[in-house]
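# Results of the structural survey
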Amino acid sequence: MTDTLVFYSGPDPFEPWRDALAPHLGSDVRIEEADAVTDPETVRFALVWMPPEGFFARFPNLQLVINLGAGVDRLVARNDLPDVPITRLSDPEMGRMMAGYVLFSVLRHARDIPHFEAAQARREWAYKHPRAASEITVAILGLGELGALAATEIARQGFDTHGWATRPKDLPGVTVHCGDDALDDVLAQADIVVCMLPLTPDTCKRLDENCFGRMKPGAAFVNVSRGEVVDQDALVIALRDGRLSGATLDVFETEPLAPDHPLWSLPGVLITPHLASVALPNSAAPQIAANIRATQTGRALANEVSRLRGY
Ligand code: NDP
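Predicted model, so just to flag it, every value in this text is computed and none were measured. (Residues numbered from 1 in each chain as written. Predicted model: local features only at pLDDT ≥ 70, side-chain atom pairs only at ≥ 80, totals over all residues. Heavy atoms only, no water.)

### Description of the domain arrangement of the protein chain
Under the convention used in this document: Segmentation of the chain into domains, including their bounds, is taken from an automatic or database domain assignment. A contact between two residues is defined here by any heavy atoms of the two lying within 4.5 Å. What gets called buried area is simply the loss in accessible area from a 1.4 Å probe that two parts show on being joined, summed for both. A side-chain nitrogen of Lys or Arg and a carboxyl oxygen of Asp or Glu constitute a salt bridge if their distance falls within 4 Å. Residues adjacent in sequence count toward polar contacts only when both atoms are side-chain atoms; beyond that, a polar contact is any pair of N or O atoms within 3.5 Å, and within protein one must be able to donate a hydrogen and the other to accept it. The nonpolar class holds Ala, Val, Leu, Ile, Met, Phe, Trp, Tyr, Cys and Pro. Asp, Glu, Lys and Arg form the charged class, and all remaining residues, Gly among them, are polar.
Domain parsing of the protein chain yields domain 1 (3-91 + 279-297) and domain 2 (92-271). For domain 1 and domain 2, the distance between their C-alpha centres works out to 33 Å. With 13 residues of domain 1 at the interface, the matching set in domain 2 holds 10 residues. Carbon and sulfur atoms supply 58% of the area buried between domain 1 and domain 2, which totals about 930 Å² over both sides. On the domain 1 side of the interface with domain 2, the three residues burying the most area are Asp73, Asp91 and Leu280, jointly 47% of the side's total. Along the contact surface separating domain 1 from domain 2 lie 2 salt bridges. Residue arginine 226 is joined to aspartate 73 by a salt bridge in which the shortest nitrogen-to-oxygen separation is 2.9 Å. Where domain 1 packs against domain 2, one counts 6 residue pairs in polar contact (both at pLDDT 80 or more). Looking at side-chain class alone, the side of domain 1 that touches domain 2 contains 5 nonpolar, 4 polar and 4 charged residues.

Take a look at the structure:
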């Protein structure tokens, strides 16, 4: 019997994913868009990004849910998830794209670009002597699939690079700190703090007023993970007070960010509309197909998500 892979995503068109996956799956797995599923009983695999409530109930024989992205917070927080394994994407292109965005953000602050942009608007030649990368401390909060790659890229550029996670790990050039007790010290020494933590019950609003108060006066903040990891009101106050010199923000508590939100007009703040990294069909297709094959043959899955940890 032919198994079906059902696809659902609001932002991602179906055809490029179908075309990228088909050569890897062969003829025994049919790929169908959710609205066009002909026989729900044959659906064993779901490749989804934020499907509507009740989505999974249509497919009684699901064996695997594949999150069409790296962040699984929206998926694992649902109460209608079937009791089957969940995997996430973790492909090299996605990692490179994220590392590139983080490198850009760190360089933006390290090279005082907001200062020069403001001076240019005033037509002012405002020389500011550059600092060496080795004199600048960067803290990456979260050293997962994407965080670890970004941290090693920052270290490769010569920055004094620190990382924070729950468990120890060995990353070239990165000083790794672990556990809740280490966070204050990590924040206190950093000139640039980059948030790459997943959104979980433990990390929700973890970066609050107290954390911004701990940061070096004039430090810069980058958020590429999820808006809800940050207390956004506290961030606005820290930027307004000059406690933070600037921020590069790709994610927000509510997206799209409302046109009248104060973050749009605070000095030194760059806003991008949640695109630091995206899932790319051609580089993600082999790992999706491998996990489907593993499910069919009873082998171990790659990139499986822990529902308990929430990431
Ligand atoms: P992973 O899930 O692979 O890793 C998460 C990291 O955070 C791990 O290092 C983990 O520690 C650490 N962590 C989790 N909880 C805590 C905690 N309570 N205290 C300290 N450390 C903690 O995430 P990725 O690196 O792949 O991705 C990070 C996030 O980036 C995603 O969750 C997603 O929200 C976001 N994202 C944003 C995109 C964008 O376009 N803006 C695109 C893609 C992803 P440990 O290693 O010890 O388990």
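There is more to say, and it comes next.
### Here we look at the pattern of salt bridges
Rule in force here: Note on classification: 1.4 Å probe, protein chains only; a residue is buried when its accessible area is under 20% of the maximum for its type, exposed when over 50%, partly exposed between these limits. Numbering goes from the N terminus for both helices and strands, where a helix is a DSSP run of H or I of at least four residues and a strand is a run of E of at least two.
Considering all chains together, one arrives at 17 salt bridges under this definition. Notably, a salt bridge pairs glutamate 32 with arginine 30, separated by 3.7 Å at the nearest N-O pair. A relative accessible area of 12% means that glutamate 32 is categorised as buried. Measuring nitrogen to oxygen at the nearest pair gives 3.0 Å for the salt bridge that ties aspartate 180 to arginine 206. Note that aspartate 180 is positioned in the loop between strand 8 (174-178) and helix 6 (183-189) and arginine 206 in the loop between strand 9 (192-195) and helix 7 (209-214), a separation of 26 residues in sequence. Under the relative-accessibility criterion, arginine 206 is labelled partly exposed at 21%. A single network of salt bridges, built from pairs that share partners, joins Asp73, Arg74, Arg226 and Glu228.

### Comments concerning the site of the ligand
Here is the rule we go by: Whether a residue is near a molecule or strand is decided by its heavy atoms; if any one of them lies within 4 Å of it, the residue is near. Here the Shrake-Rupley method, with its probe set to 1.4 Å, supplies the accessible areas, and only the displayed protein chains count as covering residues.
Near the ligand lie 30 residues; those nearest to it are Arg88, Thr166, Arg167, Lys169 and Tyr311. Measuring from an oxygen atom of the ligand, one finds a side-chain N or O atom of arginine 167 at 2.6 Å. Within the contact set of the ligand, an oxygen atom lies 2.6 Å away from a side-chain nitrogen or oxygen of tyrosine 311. Look at the ligand: alone it shows 940 Å² of surface, and the protein chains cover 94% of it. Among the elements of the structure, helix 5 (145-156) and strand 7 (160-165) are those that each provide at least two residues to the shell around the ligand. The element contributing the most residues to the shell around the ligand is helix 5, with 3 residues. Split by residue class, the shell around the ligand holds 14 nonpolar, 9 polar and 7 charged. Residue contributions to the shell around the ligand reach at least three from each of two domains, namely domain 1 (3-91 + 279-297) and domain 2 (92-271).

### Some thoughts on the packing of helix 3 (residues 92-110) against helix 5
Applied cut-off: Structural elements are reduced to axes, namely lines fitted to C-alpha atoms, with helices fitted over the stretch in contact, and the angle between N-to-C directions of any two is expressed from 0 to 180 degrees. Note on angle classes: values under 35 degrees are labelled roughly parallel, values over 145 roughly antiparallel, values of 65 to 115 roughly perpendicular, and the remainder oblique. Two helices crossing with the near one rotated counterclockwise from the far one by less than a right angle form a left-handed crossing, whereas a clockwise rotation gives a right-handed crossing.
Contact geometry for helix 3 and helix 5: axes closest at 8 Å, N-to-C directions at 45°. Comparing their axes, helix 5 and helix 3 come out oblique. The handedness of the crossing between helix 3 and helix 5 comes out as right-handed. Where helix 3 approaches helix 5, its residues Met94, Gly95, Arg96, Met98, Ala99, Val102, Leu103 and Val106 are matched on the opposing element by Leu146, Leu149, Ala150, Glu153 and Ile154. Class assignment for the residues of the contact of helix 3 with helix 5 results in 10 nonpolar, 1 polar and 2 charged.

### Notes on the sheet that holds strand 8
Basically, it comes down to this: When DSSP locates at least two bridges between a pair of strands, those strands are taken to pair.
Strand order in the open sheet made by the 7 strands is 8-7-6-9-10-11-12, with parallel pairing throughout. The open sheet terminates on both sides in strands that have one partner only, identified here as strand 8 and strand 12 (269-271). Adjacent strand axes in the sheet meet at a mean angle of 15° when their direction is disregarded. Relative to strand 10 (residues 219-223), strand 9 is paired through 4 bridges, and the arrangement is parallel. In the sheet register, valine 194 faces strand 10, and the bridge partner there is valine 222. Strand contacts of helix 3: strand 6 (137-141), strand 9, strand 10, strand 11 (244-249) and strand 12, with the helix running at about 160° to strand 11, the strand carrying the most contacts.

### Thoughts on the pairing of strand 6
Quick reminder of the rule: With the strands aimed away from the viewer, a crossover counts as right-handed if its path from the first strand over the helix to the second runs clockwise.
In terms of burial, strand 6 is a largely internal element, 5 of the 5 residues being buried. What you see with strand 6 is no split at all: Thr137, Ala139 and Leu141 on one side and Val138 and Ile140 on the other are buried throughout. Here strand 6 runs beside strand 7; their pairing, made up of 5 bridges, is parallel. Along strand 7, the bridge assignment pairs isoleucine 140 with glycine 163. The β-α-β motif built from strand 6, the intervening helix 5 and the parallel element strand 7 has right-handed crossover chirality. Direction of pairing for strand 6 relative to strand 9: parallel, over a ladder of 4 bridges. Residue pairing across strands places isoleucine 140 opposite valine 194, the latter belonging to strand 9.

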